[in-house]
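Residues per chain are reported as follows:
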Amino acid sequence: MSAPRVTATRLSSDSALHGRMGRGDFLDCYSVASPASPRSAAEIITAFPGWAQVLVKLRGLITTPFGLSQDGPEAADKLGPFPVESETGTELIAGFDDKHLDFRVSVRSENGTVSLATWVHPHNLGGRLYLATIMPFHILIARDALARVARAPQLPSHTV
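Remember, predicted model here, so these are calculated numbers, not experimental data.

Focus on the packing of helix α1 (residues 38-45) against helix α3 (residues 125-151)
Then, in step 1: At their nearest, the axes of α1 and α3 sit 9 Å apart, and the two run at 125° to each other. Looking at the two axes, α1 sits oblique to α3. Like other packed secondary-structure pairs, α1 and α3 cross with a definite hand, here right-handed. Touching A41, I44 and I45 of α1 are A145, L146, R148 and V149, all from α3.
Then, in step 2: A per-class count over the contact of α1 with α3 returns six nonpolar, no polar and one charged.

Structure follows, in structure tokens:
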């Protein structure tokens, strides 16, 4: 079985993330062939494999002294540490605002393709340094997450 083809792509023009974009913000997007619904894909994406869980724990140890959130804010609907902000039949937006930066992820499903986009708005030098430090890990985790989505057995999708 060949590895799923995860590609860097543009964020869909009708994504809710476009309304957040501002000067100095970061945005990336990756896509893979999959019929998964946004919710199903997001559940797979946030079920980090062991190696990524180790990185998340290390991040927690390093950032705790700086007062950064470790588990995200309380919310009625969360995927991992990420509160779900909005959900439609094609897009789920999750994330939160923290001391150093605001971030949201978009998980979209359209025409047999699932896309994962990440938007980040750094507040200060600490946010920009944090983003630069985690970037190689972010790319690895995002690409791996979509590969796991593509390999997952697909259940019939549901709409919101």
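Now that the structure is up, let's keep going.
Digging into α3
Then, in step 1: The end-to-end C-alpha distance of α3, which contains 27 residues, comes to 38 Å, matching closely the 39 Å that a straight helix rising 1.5 Å per residue would cover.
Then, in step 2: The largest bend in α3 comes to about 50°, at M135, with the proline P136 one to four residues further on.
Then, in step 3: Of all the residues in α3, the buried ones are G127, Y130, L131, M135, H138, I141, A142, A145, L146, A147, R148 and V149.

Thoughts on the packing of aromatic side chains
Then, in step 1: In the structure shown here, the tally under the stated rule is two aromatic pairs.
Then, in step 2: With a centroid separation of 5.5 Å and 80° between ring planes, the pair formed by F82 and F103 is classed as edge-to-face. Of this pair, F82 sits in strand β4 (residues 82-87) while F103 sits in strand β6 (residues 101-110), placing them 21 residues apart in sequence. Take F82 and F103: they sit in the same class, and that class is buried.
Then, in step 3: Geometrically, the ring pair formed by F96 and F103 is edge-to-face, given 5.1 Å between the ring centres and 70° between the ring planes. As far as the burial class goes, F96 and F103 line up, both buried.

Calculation criteria
Residue numbers run consecutively from 1 along every chain, following the written order of its sequence. Note on the predicted model: pLDDT of at least 70 is required for a residue's local features to be given, and 80 or more for side-chain atom pairs to be given and counted; whole-chain, interface and lining totals, by contrast, use all residues. Water and hydrogen atoms play no part in the side-chain values, which are based on all heavy atoms of the structure. Lines are fitted to the C-alpha atoms to define the axes, a helix being fitted only along its stretch in contact, and any angle between axes, read from their N-to-C directions, falls within 0 to 180 degrees. Only DSSP runs of H or I covering at least 4 residues are called helices, and only runs of E covering at least 2 are called strands; the numbering of each starts at the N terminus. Just so you know how the angles are binned, under 35 degrees is roughly parallel, over 145 roughly antiparallel, 65 to 115 roughly perpendicular, and the rest oblique. For any pair of crossing helices, the crossing counts as left-handed if the nearer helix is rotated counterclockwise from the farther one by less than a right angle, and right-handed if it is rotated clockwise. By definition, residues are in contact when any of their heavy atoms lie within 4.5 Å. Throughout, the ten residues Ala, Val, Leu, Ile, Met, Phe, Trp, Tyr, Cys and Pro are labelled nonpolar, Asp, Glu, Lys and Arg are labelled charged, and all others, Gly among them, are labelled polar. Here a helix's expected span is defined as the number of its residues, less one, multiplied by 1.5 Å. Axes are fitted to the seven residues ending at a residue and to the seven starting at it; the angle between these axes is taken as the bend at that residue. Think of it in three bands: with a 1.4 Å probe and only protein chains considered, a residue is buried below 20% of the maximum accessible area for its type, exposed above 50%, and partly exposed in between. Here a Phe, Tyr or Trp ring, Trp counted by its six-membered ring, pairs with any other such ring whose centre lies within 6.5 Å, and the pair is stacked when the planes are under 30 degrees apart, edge-to-face when over 60, and tilted otherwise.

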